[in-house]
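# Coordinate inspection notes
What follows is each chain in one-letter form.
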Amino acid sequence: MFLSESKKCLIGAVLIKIGSALLLTWGKTNVYFYSFYKQTEPDLSIAYNTLPIAIMALPIALITIFSVKIARKVGFKLHIRIATTMQCASILIAPYMPTYLTFLIFYIFLYGIGYSSVAFPVFSCAWSHYKKSEGRVSGLLLGAYGFASVIYVIIITYISNPNNQQADLQTEHKTQIYKYFSGSVASNAQNAAQIVSYVASLCCLIGGFLIRPYVQTTQYNQVGTGDQKIQSFEEETPKQNDKEVQQDSSVEMDPSSVAVNDLPLEIASDHGLPQIKIKQSLSAAIKSMQFLTIVCCLSVLTLFLLTLGLNYKSYFLSKINEDFFITFVDLVALLASSFANILWGFLIDRINFKILFAIIYFVSGLGAIALPFSAADKMSFFIVYVITMMFDKGALVVTGPALIKIFGDDIGHQLFPLTYISSLVSVVVGPVSQFILLKYFSFDIILYCQGSLILLVIIFIIRLNMNYQK
């Protein structure tokens, strides 16, 4: 039985997210790759795990912001196929690079460019087939993204360190001590990178050739002496009633009731009856207080996630020097957050965005502050870390559907990739500020400060106006 275009698109989107999830594992696995290259580069600094990535992330973030706009000009299908092919090639080449820097260029930079090029166009394509179910689709894609990262972490960890050896070497960077591996663990890392590259590249390639946006076809049939225009749709979502369809297609208004700040207006005529359609301005939406508030809030949370993600294993190994346990905790957190992402997707279709956002930020802020304390006890660390990850990963899931509810379908789709400005800010501010602050403060202090900042932005979330008016 052949699959419909909608199902092919959804499967393709899921596969691309699975193939792209390898990028999410960097903070949990970079200690193995660092240990591998440290064998041939004795003077290799631990700063290579953060600073070069911050520099590489600038063009990656910029491409992400404009990815949907580029895809619209090039064509979504062609754009996604080019990007996924780049992902496939770069990740296959990366494990064979002779130096750590060249490894990072292929494993993070070029692979990341491919990922950033498709990250939001994939959502747009999937949403176009499943109208009114954006939250559930977002949750499914990000859930698959999280589940895949769990598999990658398991593969890399158990191939690199099958006997659960402790990190027996250490290097000092300013006020922080980092531990890494020697011997067989370090040597196994290249083999682990090769295996995960095969899986990721295959998923990206297949997904890129399956996904395509929803296409509306128009046919003309001769009926009697006149032409009748018949529109057929390939969408497979549950049918809406005629009244809802008419409401979606145009908004009928009394011209005298239109306020000046609702302009510009497009006046159309259908069967001699005037209709007025409000054309929203993307530039006005970008400058709106709602969008700026959402981006600022996301920047604060992304800063914490990036800081913790880039240093997860090296930081917690210095507190709990048990590689398998730390990996296990992260795997449980990834699984839990993947299930939670699906739940967040269902909730945003039913609950007010402000309520969900405030809950996410409250728990995430408390979790960031509690993490350094919790690391003194295994069970406490397990509980705090898992709960924190379940909530803070939900912010991106609810943001896309929320933008559509606030700004409308067309503008909301275009604004969603622009929220990646938050990541652009984070990848610049995070590693650079960490490099400077670690000269004077411990990593614990950095987490305390970031957690307090997350709690502070709840004030702006509460004051957010959900009704957009230009």
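Being a predicted model, the structure only gives us computed values, none of them experimental.

About the thresholds
Residues numbered from 1 in each chain as written. Predicted model: local features only at pLDDT ≥ 70, side-chain atom pairs only at ≥ 80, totals over all residues. Heavy atoms only, no water. Helix = DSSP H or I, 4+ residues; strand = E, 2+ residues; numbered from the N terminus. Buried < 20%, exposed > 50% of the residue type's maximum accessible area, 1.4 Å probe, protein only. Contact = heavy atoms within 4.5 Å. Areas by Shrake-Rupley, 256 points an atom, 1.4 Å probe, with all protein chains shown as cover. Salt bridge = Lys/Arg side-chain N within 4 Å of Asp/Glu carboxyl O. Phe/Tyr/Trp six-rings, centres within 6.5 Å; stacked < 30°, edge-to-face > 60°. Lys NZ or Arg CZ within 6 Å of the ring centre and 35° of its normal. 1 Å grid on protein atoms, 1.4 Å probe; cavity = no way out; pocket = protein on both sides within 12 Å on 5 of 7 lines; lining within 4 Å. Points joined across faces, edges and corners; volume = space filled by probe spheres on them. Nonpolar A, V, L, I, M, F, W, Y, C, P; charged D, E, K, R; others polar.

Bringing the overall build of the protein chain into the picture now. Along the protein chain, the regular secondary structure elements total 19 helices and six strands. Counting across all 470 residues of the protein chain, residues that qualify as buried make up 51%. For the protein chain, contacts bridging at least 24 residues in sequence account for 81% of all contacts bridging at least 6. Of the roughly 21,000 Å² of accessible surface on the protein chain, a fraction of 65% belongs to carbon and sulfur atoms.

If charged atoms from side chains of opposite charge come close, those side chains can pair. Within the structure shown, the criterion is met by three salt bridges. For the salt bridge of Glu5 with Arg212, the shortest nitrogen-to-oxygen distance reads 3.6 Å. Taken together, the residues Glu5 in helix α1 (residues 5–20) and Arg212 in the loop between α8 (183–210) and β3 (216–223) connect sequence positions 207 residues apart. Note that Lys378 and Glu322 form a salt bridge whose closest N and O atoms lie 2.6 Å from each other. Of this pair, Lys378 sits in helix α14 (residues 378–392) while Glu322 sits in the loop between α11 (289–317) and α12 (323–348), and the two are 56 residues apart along the sequence. Taking the relative accessible area as the measure of exposure, Lys378 reaches 35% and is therefore partly exposed. Assessed through its relative accessible area of 32%, Glu322 is described here as partly exposed.

Two descriptors summarise a pair of aromatic rings, namely the distance from one centre to the other and the angle between the planes of the rings. Here the structure, examined in full by the defined rule, presents 30 aromatic pairs. With centroids separated by 5.9 Å and ring planes inclined at 50°, the aromatic side chains of Trp26 and Tyr107 adopt a geometry described as tilted. Here Trp26, found in helix α2 (residues 26–38), pairs with Tyr107, found in helix α6 (residues 100–129); they are 81 residues apart in sequence, far enough to count as distant. Aromatic pair Tyr158 and Phe324: ring centres 4.8 Å apart, planes at 50°, arrangement tilted. With Tyr158 in helix α7 (residues 134–160) and Phe324 in helix α12, this pair connects stretches of sequence that are 166 residues apart. Connected via pairs of aromatic rings, a cluster forms that spans Trp26, Phe33, Tyr34, Phe36, Tyr37, Tyr100, Phe103, Tyr107 and Tyr180. In this structure, Lys17 packs its charged tip against the face of Tyr145, placed 5.6 Å from the ring centre. Looking at Lys378, its charged tip hangs above the ring of Phe325, at a distance of 5.4 Å from the centre.

Here we take up the layout of surface pockets. If you add up the space inside the second largest pocket, you get close to 150 Å³. Together, Ile65, Phe66, Val68, Lys69, Arg72, Leu282, Ile286, Gln414, Pro417 and Leu418 line the second largest pocket. Broken down by secondary-structure element, the contributors of at least two residues to the lining of the second largest pocket are α4 (67–74), α10 (282–287) and α16 (409–418). Here the residues of the lining of the second largest pocket sort into seven nonpolar, one polar and two charged.

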